[in-house]
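Examining the three-dimensional arrangement
Listed here are the chains, written in short residue letters.
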Amino acid sequence: MVRLHGGGRATVVDALPGGWYQVRHRNGHVGKVHSRSIAEVMKESPRSRGEKPDSALAQVQPGKQPHAADSARLDDQLWEGLDPSGRLRLTDLEPPDADMLLRNRARAKRQIVEDLTRRIGHVDDAYVLDAPVRETLARLRSGESVMVRFPTSRVAEYQQPNAPGLADDINDWNYKEVTPADYDRIRTQMDMDTDFEVIGSETYRQFHRAATVSQFVHAWATSSTSPNALAVQFTVRDMFDLKDTHDLGDVNPDWLEKAEQVRAEKGPFLEAFARAQYDATQEWLAQSGVTHMHLFRGMYWDMELFDPPDWADPGRGPEPYEIDVPLSPLSSFTLNPFTAQDFVGEEGDAEWAGEHGVVLDGTVPTHRIFALPRTGIGCLNEWEAVVLGGTDRWRVSGRVGRYRFYTQHLIATAQNRYEQIVAIEFARSMGMLDLIPPEWLNRGQKALPRTKEPPMPRKRTWDVWAGGHLATDLDTYAHIGGWSRQEAAQELLAKRHRVDVPAELLTECEAVAGIAG
């Protein structure tokens, strides 16, 4: 038995050439590890650092349980320290400022990259930096070359406090490696204070260590089955001795092979990267006083291409049921039931009828939470929680669809006539007026009460109103925006696929555009 860097354990099956060993992990998986990935040879098997405590509350429980943390409070904590104008709440479709939302996401990810880079500081550069970077670093340290950075608009963008995440490629930062002789020649031709700066070897090193962390954080957002993301999943599976996980047999074989190569090359980094996220997440949850979270996961299958697994058989019908579900070593969930409906397919699409979708939900103990959007991988505006996988009992419900689900929410939470009208206009734009209570439609005039401060819904699906009236006509919209009718029509037609534009308004815009054309 050997202990791998980061806490995983395995049994050596055979010694291979070049310092490699064939090993069997505790979940039965057989793979290869290099001797550099082995922390120590063990005589007996200690308790895993990721092993679950023994109690009923330590397991996933179907549905929402009384001990689950308040989602609204968790929502507040996830956005803490970020600009409120770029915040989404659980029941929002759009933030007040979409650009600031992007900046908030970038700021959060930058903080994560900085924290994780610090936490993996003990890992040798051989496992973090690619070979070309290590070779350049050696030349810089020996004085064989000098690294300079020329300022560009892209560099200026990344230097802003609210800038996007770190660049993955050194070329994005306009670095140039030159010989000392070339450096002296350039110094005589350019103003050193304003035209470029010299980058020391340690700055270069730290940037690339952070860039590697950023690359692996970004890999999850790109695809949970990309080679880098799979390498992290396999590392986590072995570190935490996860059993009965989804076998990932439907993943591209080339990506599986590439993932094993990544593990062989970067094993100690991957283990430290995974441990850093888990530790940061557990610290965040402990500080928040959270012990359990009620989480959701939307899934769908195109039945012309794939048969749903037995646990999601369409023949089970639309009523919720509880069943054991095997999940990947790392599986994405969300705090937000609306977000879960985003992942069950798009209602209204031609493919909707040929798809099958479900939503899982359950109360998850915090020791099963691997990462959150403020501690590691995971999307902030999807309220993502990445869960350590395996086979657990979940509640499974038939899909509703994002907009139908949201319409039902608007109807259920309407507390005044204004919010009833918002629900009506939303349903009208979605072709879902059948959901609206008949008595709401038979109240005659749709205008809001004329008051100095008209009642505002907790979440309006579109923000166009004037003088206490909903702007359901083009003239009002144009007046509010300061546009001509044609400009207003073009603006709204550009939003024809957005859910917050009433159907009557689009019809009027089409007529104006037709006349203008």
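Residues numbered from 1 in each chain as written. Predicted model: local features only at pLDDT ≥ 70, side-chain atom pairs only at ≥ 80, totals over all residues. Heavy atoms only, no water.

**Notes on the nonpolar core**
Applied cut-off: As used in this record, nonpolar core signifies buried Ala, Val, Leu, Ile, Met, Phe, Trp, Tyr and Cys residues forming a set joined through side-chain atoms within 4.5 Å. Here the term buried applies to any residue with accessible area under 20% of the maximum for its type, exposed to any over 50%, and partly exposed to those in between, with areas from a 1.4 Å probe on protein chains only. Going along the chain from the N terminus, every DSSP run of H or I of four or more residues is numbered as a helix, and every run of E of two or more is numbered as a strand. Throughout, a residue-residue contact means that at least one pair of heavy atoms, one from each residue, lies within 4.5 Å.
By size, the foremost hydrophobic cluster in this structure holds 47 residues, and its most contacted members are Val236, Phe269, Leu330 and Phe370. Elements with a contribution of two residues or more to this core: α2 (98-119), α3 (125-128), α4 (131-142), α7 (201-222), α8 (227-239), α9 (253-288), β13 (369-371) and β14 (384-398). When residues of this core are assigned to their parent elements, the largest contribution, nine residues, is made by α9. Ignoring anything within four residues of it in the chain, the contact list for phenylalanine 269 reads Ile120, Val123, Tyr127, Val128, Thr212, Val213 and Phe216. Residues Leu74, Leu88, Leu285 and Val387 belong to the second largest nonpolar core, which totals 36 residues.

**With respect to the pairing of strand β11 (residues 321-334)**
Note the cut-off: At least two DSSP bridges between two strands are needed for those strands to be called paired.
Among the 14 residues of β11, 10 are classified as buried, and the element is accordingly described as predominantly covered. Sheet topology places β11 next to β14; 12 bridges connect them, and they run antiparallel. Counterpart to serine 332 in the pairing with β14 is valine 386.

**Quick word on α8**
The line we're drawing: The span you would expect from a helix comes to 1.5 Å times its residue count less one.
Taking 1.5 Å per residue as the helical rise, α8 with its 13 residues ought to reach 18 Å, and the 18 Å between its terminal C-alpha atoms agrees with that figure. Burial runs high along α8: 13 of the 13 residues are buried. Two residues or fewer past α8, aspartate 241 is found with a positive phi of approximately 55 degrees.

**What to know about the packing of α7 against α9**
This is how it is decided: Interaxial angles span 0 to 180 degrees and are taken between N-to-C directions of axes, which are lines fitted to C-alpha atoms, for helices over the stretch in contact. Note that the term roughly parallel is reserved for angles under 35 degrees, roughly antiparallel for angles over 145, roughly perpendicular for angles of 65 to 115, and oblique for everything else. Just so you know the grouping, Ala, Val, Leu, Ile, Met, Phe, Trp, Tyr, Cys and Pro go in nonpolar, Asp, Glu, Lys and Arg go in charged, and all remaining residues, Gly too, go in polar.
At a closest axis distance of 12 Å, the pairing of α7 and α9 adopts a crossing angle of 95 degrees. Classified by the angle between their axes, α7 and α9 sit roughly perpendicular to one another. Two secondary-structure elements touch here, α7 through Thr212, Val213, Phe216 and Val217 and α9 through Val262, Lys266, Phe269, Leu270 and Phe273. Split into classes, the residues belonging to the contact of α7 with α9 amount to seven nonpolar, one polar and one charged.

**Points about the pattern of salt bridges**
Our working definition: Put simply, a salt bridge is a Lys or Arg side-chain nitrogen that is within 4 Å of an Asp or Glu carboxyl oxygen.
A complete count under the given rule lists 21 salt bridges for this structure. Of the charged contacts, one joins aspartate 115 and arginine 119 as a salt bridge, the two residues approaching to 2.9 Å between their closest N and O atoms. Here aspartate 115 pairs with arginine 119, and both are found in helix α2, just four residues apart, close to one helical turn. Judged by its relative accessible area of 22%, aspartate 115 is partly exposed. Under the relative-accessibility criterion, arginine 119 is labelled partly exposed at 22%. Its salt-bridge partner being glutamate 202, residue arginine 205 comes within 2.9 Å of it at the nearest N-O pair. Of the two residues, arginine 205 and glutamate 202 both sit in helix α7, three residues apart, roughly one turn of that helix. According to the relative accessible area criterion, glutamate 202 is partly exposed, its value standing at 40%.

**As for the sheet that holds strand β7 (residues 146-149)**
Across the sheet, which stays open at both edges, the three strands sit in the order β8-β7-β9 with antiparallel pairing between neighbours. Two strands bound the open sheet, and with one partner strand each, they are β8 (175-178) and β9 (197-199). When the angles between neighbouring strand axes are averaged without regard to direction, this sheet yields 35 degrees. In this structure, β7 lies alongside β8, joined through four bridges in antiparallel fashion. When the bridges of β8 are listed, arginine 149 appears paired with tyrosine 175.

**Concerning the packing of α2 against α9**
Let me state the cut-off plainly: If you view the pair so one helix is near and one far, a crossing is left-handed when the near helix is turned anticlockwise from the far one by less than a right angle, and right-handed when it is turned clockwise.
Remark: α2 packs on α9, axes separated minimally by 9 Å, with the N-to-C direction vectors making an angle of 115 degrees. The element α2 and its partner α9 pack so that their crossing is right-handed. Packed against α2, whose contacting residues are Asp115, Leu116 and Arg119, the element α9 presents Phe273, Ala276, Gln277, Asp279, Ala280 and Glu283 at the interface. Residue composition of the contact of α2 with α9, by class: four nonpolar, one polar and four charged.

**Quick look at the environment of aspartate 279**
You can see aspartate 279 is positioned in helix α9. Aspartate 279 gets classed as partly exposed once you look at its relative accessible area, which sits at 26%. Measuring from C-alpha to C-alpha, the distance between aspartate 279 and alanine 371 comes to 9.0 Å, with 92 residues separating the pair along the chain.

**Overview of the side chain of histidine 356**
In plain terms, the rule: Counted as a polar contact is a pair of N or O atoms within 3.5 Å, where, for protein atoms, one must be capable of donating a hydrogen and the other of accepting one, and residues adjacent in sequence contribute only when both atoms are in side chains.
Among the structural elements, histidine 356 can be located in strand β12 (residues 355-365). Among the polar contacts made by the side chain of histidine 356, one reaches the main-chain carbonyl oxygen of alanine 312 at a distance of 2.7 Å.

**Side note on the confidence of the model for the chain**
Where we set the bar: For every residue, the predictor states its confidence as a pLDDT score lying anywhere from 0 to 100.
For the chain, the average pLDDT comes to 77, and 74% of its residues sit at 70 or higher. Confidence scores differ between elements of the chain, with strand β15 (residues 465-466) showing the lowest mean pLDDT of 32 and β13 the highest of 95. A low-confidence stretch, residues 43-54 (pLDDT under 50), is modelled with 20 contacts involving residues beyond four sequence positions or located in other chains. Segment residues 152-172: pLDDT under 50, and 43 contacts once partners within four positions in sequence are set aside and those in other chains are kept.

**Digging into the side chain of arginine 374**
Note the threshold: Charge assignment: positive for Lys and Arg, negative for Asp and Glu; neither His nor the chain ends contribute.
As for its placement among the helices and strands, arginine 374 is situated in the loop between β13 and β14. Although arginine 374 is buried, it forms no salt bridge, and the closest oppositely charged side chain is glutamate 80 at an N-O distance of 7.0 Å. Engagement of the side chain of arginine 374 in a polar contact is seen with the side chain of glutamine 111, the distance being 3.0 Å. Excluding anything up to four places from it in sequence, arginine 374 contacts Gln77, Leu78, Trp79, Glu80, Leu82, Ala108, Gln111, Ile112, Trp284 and Leu380.

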